[in-house]
Amino acid sequence: MNNFKSEEEFLQAYNPGDFKTLSVTTDILVLSVSSEESTNYRKTDKKNMSVLLVKRDNYPFKDKWCLPGGFVGYDENLDDAPKRILKNETNLDNIYLEQLYTFGDTSRDPRMRVISTSYMALIDKARLENNLSDNASWFDINISEENNIVHIYLDNGVTNFSFEIEKKLRDKTTDRYDFKVVKNDNLAFDHALVILSGIERLRNKIEYTDVVFNMMPEYFTLGELQQVYEVILNKKLLDPAFRRIIEPKVEKTDKMRTGGGHRPSALFKYKNK
């Protein structure tokens, strides 16, 4: 309890040095869905969920991979920091962003006490192909789970590595889990946790929102859209059931997808875009 008589008196006596300082950063999980070209012209291209990673050229974690991120400026609003960082990394504006979680383990950064607010960004990968910084790369994601251990394998065509995270149910009433990294050799900081947390959030949100359309081009076939849902959810969906669910969200255009040895396919677009 203090004996100050007014706000002004308190502020005059206040000394920030009375408290230990900490730094605030933001880390951005940029997710997209890419196509792996099929060698059989009669089959559609395989879809893969992808994450954008940056190779660090400085210590700590020199030559390791990490999510795009950086320190929040002293005079910068928290939500403006990821926009600035993504602009620098991708040269693009107007990317879908939502705040994920705050990570604050005391040992997450060997330099100092750092708290990071993570964000998830969703984008059509084709918009970024020629806009990435030199040290950034897309990695395809493959996920499997066994005995509450999630195995995540990342591959950009040149470099590949994996990490493992243990899931432990925290609360049955909310289906919330705690995550613990049990294997990780190539990702910096605690970004393995950010990646899995974001993927779990995305899987949950596409069940009741239209967020997935931020990862789609303007025009797409229903088959392509279904593949994107299946890749994110990591399961096969029944065609009739999926089309009933998605019908109110899309509208058919007069455009057609032709070529590639396939029948011409009608192209759709998101109704509210």
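Basis of the calculations
- Residues numbered from 1 in each chain as written.
- Predicted model: local features only at pLDDT ≥ 70, side-chain atom pairs only at ≥ 80, totals over all residues.
- Heavy atoms only, no water.
- Helix = DSSP H or I, 4+ residues; strand = E, 2+ residues; numbered from the N terminus.
- Buried < 20%, exposed > 50% of the residue type's maximum accessible area, 1.4 Å probe, protein only.
- Contact = heavy atoms within 4.5 Å.
- Lys, Arg positive; Asp, Glu negative; His and termini not counted.
- Charge placed at Lys NZ, Arg CZ, Asp CG, Glu CD.
- Salt bridge = Lys/Arg side-chain N within 4 Å of Asp/Glu carboxyl O.
- Polar contact = N/O pair within 3.5 Å; in protein donor to acceptor, adjacent residues only side chain to side chain.
- Expected span 1.5 Å × (residues − 1).

(A) The overall build of the chain, seen in detail. Summing up its helical and strand segments, the chain has five helices and 12 strands in all. Counting only C-alpha atoms, the chain reaches 80 × 45 × 40 Å along its principal axes. Within the chain, buried positions represent 41% of all 273 residues. Nonlocal contacts in the chain, meaning residues at least 24 apart in sequence, comprise 54% of its contacts between residues at least 6 apart. In the chain, which carries 40 positive and 43 negative side-chain charges, the distance between the mean positions of the two groups comes to 5 Å.

(B) Inspection of the side chain of Arg-56 at higher detail. Along the chain, Arg-56 turns up in the loop between β2 (46-55) and β3 (65-66). In this structure, Arg-56 is buried with no salt-bridge partner, the nearest side chain bearing the opposite charge being Asp-57 at 6.9 Å. From its side chain, Arg-56 meets the backbone oxygen of Pro-60 in a polar contact 2.7 Å long. Apart from residues no more than four positions distant in its own chain, Arg-56 is found in contact with Phe-61, Lys-62, Asp-63, Lys-64, Cys-66, Arg-111, Ala-188 and Phe-189.

(C) Representation of the environment of Val-114. As for its placement among the helices and strands, Val-114 is situated in strand β6 (residues 114-122). Expressed as a C-alpha distance, the spacing of Val-114 and Ser-23, which sit 91 residues apart in the sequence, is 4.8 Å. Not counting the four nearest positions on each side in its chain, Val-114 is found in contact with Ser-23, Thr-25, Phe-71, Phe-103, Gly-104, Asp-105, Arg-108 and Asp-109.

(D) Quick peek at helix α4 (residues 222-233). The terminal C-alpha atoms of α4, which comprises 12 residues, lie 16 Å apart, in line with the 16 Å expected from a rise of 1.5 Å per residue. Among the 12 residues that make up α4, 10 are buried, leaving the element largely enclosed by the rest of the structure. The set of residues buried in α4 consists of Leu-222, Glu-224, Leu-225, Gln-226, Gln-227, Val-228, Tyr-229, Glu-230, Ile-232 and Leu-233. Of the residues flanking the end of α4, it is Asn-234, one or two places downstream, whose phi is positive at about 60°.

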